[in-house]
Amino acid sequence: ATKTTKDAATAIFSMTLPAIGTGLIQLGAYASEASANQAWNALAQRYAFLGPLPKSVVQASVGGTTFYRLRVGAGAQASDTCAKLKAGGANCIVVK
């Protein structure tokens, strides 16, 4: 069961939405929109460079379960911004 749960979590975290554009960073996937917004508040406070970037919370359904993906637009700096977050101990992926 652990492997299945881990695989499902990986799938949820890494799935992308079609044709939203480039330069998005996914900061996490949460069980509620409120949880995603709380995570944003904590991340924006810890990493001041996130504050001015446009944030979005995108609802997604994976395997019949609804998740809320916390994303931020960083444009051409998405890879560098994600690397900076990871260096500071945060998790993120650049949405392709």
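Residues numbered from 1 in each chain as written. Predicted model: local features only at pLDDT ≥ 70, side-chain atom pairs only at ≥ 80, totals over all residues. Heavy atoms only, no water.

Peer 1: Any chance you could break down the overall build of the chain for me, citing the residues and the numbers?
Peer 2: Per the secondary structure count, the chain includes three helices and four strands. The secondary structure elements of the chain, listed N-terminal to C-terminal, are α-β-α-β-β-α-β. Looking at the chain as a whole, 33% of its 96 residues qualify as buried. A sequence separation of at least 24 residues applies to 59% of the contacts in the chain between residues at least 6 apart. Looking at the chain as shown, the accessible area adds up to about 5600 Å², and 55% of this sits on carbon and sulfur atoms. (Helix = DSSP H or I, 4+ residues; strand = E, 2+ residues; numbered from the N terminus. Buried < 20%, exposed > 50% of the residue type's maximum accessible area, 1.4 Å probe, protein only. Contact = heavy atoms within 4.5 Å. Areas by Shrake-Rupley, 256 points an atom, 1.4 Å probe, with all protein chains shown as cover.)

Peer 1: I'd like a description of the state of the cysteines, backed by residues and values.
Peer 2: What makes a disulfide is a covalent bond joining the sulfur atoms belonging to two cysteines. Counted by the stated rule, this structure contains one disulfide. Two residues, Cys82 and Cys92, share a disulfide whose sulfurs are 2.0 Å apart. Between Cys82 and Cys92, the disulfide has an S-S torsion of 115° and is therefore right-handed. Taken together, the positions of Cys82 in helix 3 (residues 78-87) and Cys92 in the loop between helix 3 and strand 4 (93-95) put the pair ten residues apart, joining distant regions of the chain. For Cys82, a relative accessible area of 4% puts it in the buried group. A residue is classified by how much of its surface remains accessible, and Cys92, at 3% relative accessible area, is buried. (Disulfide = S-S within 2.5 Å.)

Peer 1: Can you explain the pairing of strand 2 (residues 55-62)? Please cite residues and give values.
Peer 2: Sheet topology places strand 2 next to strand 3 (residues 65-73); eight bridges connect them, and they run antiparallel. Across the sheet, residue Lys55 finds its bridge partner in strand 3, namely Val72. Between strand 2 and the antiparallel strand that follows it, strand 3, lie two residues; Gly63 among them carries a positive phi value of about 60°. (Pairing = 2+ DSSP bridges.)

Peer 1: Requested: an account of the side chain of Arg71, with residues and values cited.
Peer 2: In this structure, Arg71 sits in strand 3. Despite its burial, Arg71 pairs with no opposite charge; the closest candidate is Glu33, at 13 Å N-O. Side-chain polar atoms of Arg71 contact the side chain of Gln26, separated by 2.9 Å. (Lys, Arg positive; Asp, Glu negative; His and termini not counted. Salt bridge = Lys/Arg side-chain N within 4 Å of Asp/Glu carboxyl O. Polar contact = N/O pair within 3.5 Å; in protein donor to acceptor, adjacent residues only side chain to side chain.)

Peer 1: Explain the packing of aromatic side chains to me, using residue names and the numbers behind them.
Peer 2: For any two aromatic rings, the description comes down to two numbers: the centre-to-centre distance and the angle of the planes. Taken as a whole, this structure holds one aromatic pair when the rule is applied. Lying over the aromatic face of Phe49, Lys84 brings its terminal NZ or CZ to 4.3 Å of the ring centre. (Phe/Tyr/Trp six-rings, centres within 6.5 Å; stacked < 30°, edge-to-face > 60°. Lys NZ or Arg CZ within 6 Å of the ring centre and 35° of its normal.)

Peer 1: I'd like a rundown of the environment of Thr81, residues and numbers included.
Peer 2: Topologically, Thr81 is positioned in helix 3. Put simply, Thr81 and Val94 are 13 residues apart on the chain and 9.2 Å apart in space, counted from C-alpha to C-alpha. Dropping the residues within four chain positions of it, Thr81 is found in contact with Ile25, Phe49, Leu50, Leu53 and Ala74.

Read these as spatial facts, not as claims about activity.
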